[in-house]
Structure formats: structure tokens, C-alpha cells
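# Architecture and fold: a report
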Amino acid sequence: MRDYEAIDAHVAASMPAWTAELSELCSIRSEAGDPDGLRQARDWTVGRLQRLGCSVDVIGAEDDAALVVGEIGEGRTVTCVQHYDLQPAAPLDLWTSPPYEPVIRDGALIARGAEDNKGEFLARVWAIEACLEVLGRPPCRIRFVVEGEEEIGSPHLAGYLDVRPELREAAGALMEGGSVDDQDRPIVQCGIRGMLVVELALRTIAYDGHSSLAALLPNAAMRMSQAIASLFDTDGRPSFAGLSDDVLAPSPEQRALVEAVPDGLLDMLLQAFEIDRFVAGRTGNEAKRAAILEPTCNVSGVWSGYTLAGIKTITPAEAHARLDLRLVPDQDPDEVLDRLRNHFRSHGFAELEVTKLAPGTRAYWSSPTDPIVQAVARALEPVWGSRPTILVTDPGAAPMWDICAANSVPQADFGAAYSGSRAHAPNENLRLDYAERTVRSMVRFLDEFASAAD
Ligand SMILES: [Zn+2]
């Protein structure tokens, strides 16, 4: 076992300079759809990885949001999947300081991207820098795959990887970041959910009618309500044919992890949302399985007719809705989309248009018993002083399937996010003490990973 004293001391001594570096990166406004900002963040990333000593490649170089790949070290390869693009900072008036003028307050750096994903990306870079400074070389081979389109669903990633299939070869992968609970216990997530987002649209009459004709004119809002309702059983469970066709049965280990989630978390949800029962009256393990292991179908918005101030008595001609479906292995978003369309056709809603809003992503789950998960857990425990909580999946979506599935590369995550990180929200921040612990964990992880069996 390596003596980590020198490494930890180096990390502690470097934090001020590293924090200044993160501030520099966070002052770049690399929001999706901002070509100048994306180009600047892309070039900054290229320069940083080169300074680290990586061989760097820009795939899709003509593109402002190109994929940056940096590789360093020898031995087993771990792919770190990161991104330099950002969610929009708006609404700006809810920030206590401007989102692209990073400030440190109460030990946290506040800026858009401080955690997601510039801070998590740099924490991994810093860990390698510490290895280089103190040990002379990183213990294994590290590949950074840094996207510029993650926040818009990675529309070009699969294409970039198709022309460079060797980038899909690795002994393991780390998702973009990770988190810590409110008792400073680190969390390891073994996977990521998939996602399909669609918009529904229908028109019933040529233009909005005078509502005195409501007895005669088909109402678009009502028709949309019926179409949406047809997707669910009377208890609110999604029930359209084929939704669960390709869902893999969870392994005994996955089931056990789900059932080990404390019941108190369910009670907290009931309290926080001021309800006395969940959808379909789910409780206990049934509620946990539904939340974690089953696909969801969520109505995220519905709009039709006149909803502004005053009264306007119309029969609406058009209605729209958005659905997001969170997927599990081994569902293919395009097949789920086909089944959704088939459902509407076979239920008498042939006129309803279903448009996919983003390239769907597939879920990807590694086994909780996989050596990479165990390596992460062993790396975290001494730094955080408690055993990590291992979870089957991150509830969010990320393009891990594109990167890992072709060669069954196992994956896990860890990082510095906490319940107050506010990723995607105003006042996003990175706790610098958590960032430091994440760097120290990363060094230990690289050692564990280098010596783990395939
Ligand atoms: Zn992110």
C-alpha cells in the first residue's frame, strides 16, 4: 500500500493555485448554443490537457463543440467522461454573484460549471498532476473524453466514436462526477439511466373556435388530455404496450441494493412534497423498485388554449404536451418511441404527432460487484472516513452507453457534488474541501484500478 502522506500534502498545498485555475475556466461562458464560449472552453481544455502531458486529439475539429480526447500513462486504461459545455445560467437575477465571475464564499467556489462539470473534470486532472509531481507517473493509463455537447444530449458523440472505435476500448470508465450525502458519506453509482424526450402535438379544427360552438367543435385540449390519459392505468402507472418489453430483470445484488435504501428516504419525500401516498399507493420496497429499477413516463408540460389574464372563451384548435421517459437496461429509446407511436395509432389518436426532442440515450448499468465499483469504494473509504453507499444507478442521463456498451466496459462514479451544489441552477458551487477530498480519492482510485483484475 502506498504512503499517501506526500500526495495528500501536495494536494493540500496546491489547492489555492488549482482553485484559481478553476476560476479561470469557470469564467468562460460555454453554454450550449454559444459558439464563442464553446470554442474558448474547448481550446482551454486542449491546452490544459497538453500541459498535463497528455497526447491530445480534437475530433470534429471544425466544430465549436468538438470532442477533446487526452491520453496519458501506461497500463490498464480508465476513460474519464467529462464535458466543457454548460447549462444556461439564466435566470441571472437569482444568482447572488454573476455566474461567469467566480467568487469563493463559505469555502465554495460559486459559478456556472463550478461542479458540473468543470470542477469535477479538473479534480481528476489535478489528481494526475499530483501523481506526476510526487510519483513521477500516473499508476495507469487515463483517457479523458471531454464533450462539448453533453448538456444537449451528445448528438454527435456516437458518430465521433464510430470513426475512432479504439476510444471505446478501456478496462473501465468513470462517469462525469459524483456525490456525497449530507453526512459526508460518499456515494458510488454503478450506472446511468437512459432518456427519451418527446413532444406531442395535435390539431382538431382549422383555428380556435368561438366556444358557443363547443357542442360541435372537437376540442384539442380535451383530445390531448384523453391521449395522455390513455398511456396510464387508472392509478397513474404507465401502461402502454411495449414500454417494459426489453427491461432486464435486476440481478439479486441490484435488488438487494435497492431494498437497502433506507425507508426514511421515502418518508422524507412524502413530507417534502406534502403528500400522504405515492402514485398507485406504492410503499416500501415496491416504491423503491419503481423509482430505481423501472422505466418512467412523465408528463413534463401541457399547453393549449388561452391561459393569460382575462377571459377568452375559445375552443382550442391545437394542443401540445411534453413527455420524458427515463429508461433502464436494455431499452432502446427509438424502439420505445415506435411503441409510443403505435399506442396512439391503435388507440384512435392517429392524428397525434410524436416528435423526438433530443437524441435519446440508453441506460447503462455495471454490476455492483464489478472490480471497478469495488476499487472506487476502497479508494473513497479512507479519505471520507466512512463506507460509501453503493447505488444501482444515477437517476440522471449521460452518454455512458455510447462509450461503454460496445466492449462491455464497466463503469462507476464518484465526485464532489452535495445536496447544495445546485448543478443546473442559480448559485451552482463547488465545496473546495470536497474537491480536495475528491482529488485525494482519485489518486487512490488510480492505484486501485491499476492493480485490479479485469
Ligand atoms: Zn454534467
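All of the points below concern the structure found in this document. (Residues numbered from 1 in each chain as written. Predicted model: local features only at pLDDT ≥ 70, side-chain atom pairs only at ≥ 80, totals over all residues. Heavy atoms only, no water.)

### Some points on the sheet that holds strand β1 (residues 55-59)
The sheet built from six strands is open, its strands ordered β1-β2-β6-β3-β7-β19 with mixed pairing. The open sheet has two free edges, formed respectively by β1 and β19 (411-412), since each of these has just one partner strand. As paired elements, strand β3 (residues 77-83) and strand β7 (residues 172-174) share three bridges and run parallel to each other. The partner of C80 across the bridge, within β7, is L174. The strands that helix α12 (residues 432-451) touches are β3, β6 (141-147) and β7; relative to β3, the one it contacts most, it runs at about 145°. (Pairing = 2+ DSSP bridges. Helix = DSSP H or I, 4+ residues; strand = E, 2+ residues; numbered from the N terminus. Contact = heavy atoms within 4.5 Å. Axes fitted to C-alpha atoms, helices over the stretch in contact; angles between N-to-C directions.)

### Points about unusual backbone geometry
A negative phi angle characterises most non-glycine residues, just as the trans form characterises most peptide bonds. Following A90, the chain continues into P91 via a peptide bond in cis, with omega recorded as 5°. Structurally, P91 is set in the loop between β3 and β4 (103-105). Residue D330 is bonded to the preceding P329 through a cis peptide linkage, with omega at 5°. For D330, the location among the structural elements is in the loop between β14 (318-327) and α9 (333-346). Phi is positive for R422, which is not a glycine, with a value near 55°. Relative to the elements of secondary structure, R422 occurs in the loop between β19 and β20 (429-431). Unusually for a residue other than glycine, H424 sits at a positive phi of about 70°. Given a relative accessible area of 39%, H424 falls into the partly exposed group. (Buried < 20%, exposed > 50% of the residue type's maximum accessible area, 1.4 Å probe, protein only.)

### Some points on empty space enclosed by the protein
A complete count under the given rule lists two cavities of 30 Å³ or more for this structure. Space inside the largest cavity adds up to approximately 40 Å³. In this structure, the largest cavity is lined by V81, Q82, H83, E147, E150, E176, A398, P399 and M400. At three residues, the largest contribution of residues to the lining of the largest cavity is made by β3. In this structure, the second largest cavity spans a volume of roughly 30 Å³. Along the walls of the second largest cavity sit A65, A66, L67, E147, G148, E149, H156, L157 and Y160, which together make up its complete lining. Residues of the lining of the second largest cavity, tallied by class, amount to five nonpolar, two polar and two charged. (1 Å grid on protein atoms, 1.4 Å probe; cavity = no way out; pocket = protein on both sides within 12 Å on 5 of 7 lines; lining within 4 Å. Points joined across faces, edges and corners; volume = space filled by probe spheres on them. Nonpolar A, V, L, I, M, F, W, Y, C, P; charged D, E, K, R; others polar.)

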